[in-house]
Structures are given as C-alpha cells and as structure tokens.
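Per-entry structural report
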Amino acid sequence: MTAPDIHSSTREEREQYIIDAFRCIADCDNCGACQFLHGHPAEELYADYIEGRRSFRDITLELRYK
C-alpha cells in the first residue's frame, strides 16, 4: 500500500491512509508500529502529511532517524 501523493489526494484520503497504515493489531511482538511512532498517535505525527504540507516520505525519514 503506497501513501497517496499530497498533490493528487484529498485530506480525507491521506487521513484514512494513516489510520489504516498504523492500525493497532494488538500483537506488539510482530508489529512494532508503537516503537516506530515513539508512543505518539500516528495522526499527530503525520499531521503535516494529512494537511498536505509535507510528504509522507519526509516525515517517515525524520521519524526513522529520531
């Protein structure tokens, strides 16, 4: 599943992508999303992507090297 481009998607599509991509599966040993997100809600960390200000890739890279 590829993140929708900020120039050709709606805010709702980007928000739904973040919700789906970081949905808790209640199996922390196999997921790791919580660790990647440093305990913060995905919608908060990806707010600039959802609002169309920054790309999904840029935010992901920033989070990866935090």
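Residues numbered from 1 in each chain as written. Predicted model: local features only at pLDDT ≥ 70, side-chain atom pairs only at ≥ 80, totals over all residues. Heavy atoms only, no water.

**A few points about helix H1 (residues 11–21)**
Within H1, burial applies to Arg14, Tyr17 and Ile18. Down the axis, H1 shows its buried residues gathered within 95° of arc, on one side only. The inward-facing, buried residues of H1 contact helix H3 (42–45), helix H4 (47–50) and helix H5 (56–64). (Buried < 20%, exposed > 50% of the residue type's maximum accessible area, 1.4 Å probe, protein only. Helix = DSSP H or I, 4+ residues; strand = E, 2+ residues; numbered from the N terminus. Arc of directions from axis to C-beta. Contact = heavy atoms within 4.5 Å.)

**Remarks on the side chain of threonine 60**
Here threonine 60 shows up in helix H5. Residue contacts for threonine 60: discarding those within four places in its chain leaves Phe36 and Tyr46.

**So, the side chain of arginine 14**
By the secondary structure assignment, arginine 14 is in helix H1. One buried charged residue, arginine 14, remains without a salt bridge, the closest side chain of opposite sign being glutamate 51 at 6.2 Å. Within the structure, the side chain of arginine 14 is placed 3.4 Å from the backbone oxygen of isoleucine 6, a separation counted as a polar contact. If we skip the residues at most four places from it in the chain, arginine 14 touches Pro4, Ile6, Ser9, Tyr49, Ile50, Glu51 and Gly52. (Lys, Arg positive; Asp, Glu negative; His and termini not counted. Salt bridge = Lys/Arg side-chain N within 4 Å of Asp/Glu carboxyl O. Polar contact = N/O pair within 3.5 Å; in protein donor to acceptor, adjacent residues only side chain to side chain.)

**Section: the environment of arginine 54**
Positionally, arginine 54 belongs in the loop between H4 and H5. Given the relative accessible area of 27%, arginine 54 is considered partly exposed. For arginine 54 and tyrosine 17, which are 37 residues apart along the polypeptide, the C-alpha to C-alpha distance reads 15 Å. Those residues in contact with arginine 54, other than ones at most four positions away along the chain, are Ile6, Asp48, Tyr49, Ile59 and Glu62. A distance of 3.0 Å separates a polar atom in the side chain of arginine 54 from a polar atom in the side chain of glutamate 62.

**A few points about the pattern of salt bridges**
Summed over all chains, the structure comprises 5 salt bridges. One salt bridge connects glutamate 51 with arginine 11, and the closest N-O pair in it is separated by 2.8 Å. Taken together, the positions of glutamate 51 in the loop between H4 and H5 and arginine 11 in helix H1 put the pair 40 residues apart, joining distant regions of the chain. Classification of glutamate 51 by relative accessible area gives partly exposed; the value is 37%. The partly exposed category is assigned to arginine 11, whose relative accessible area is 32%. Residues joined in a network through salt bridges with shared partners are Arg11, Glu15 and Glu51.

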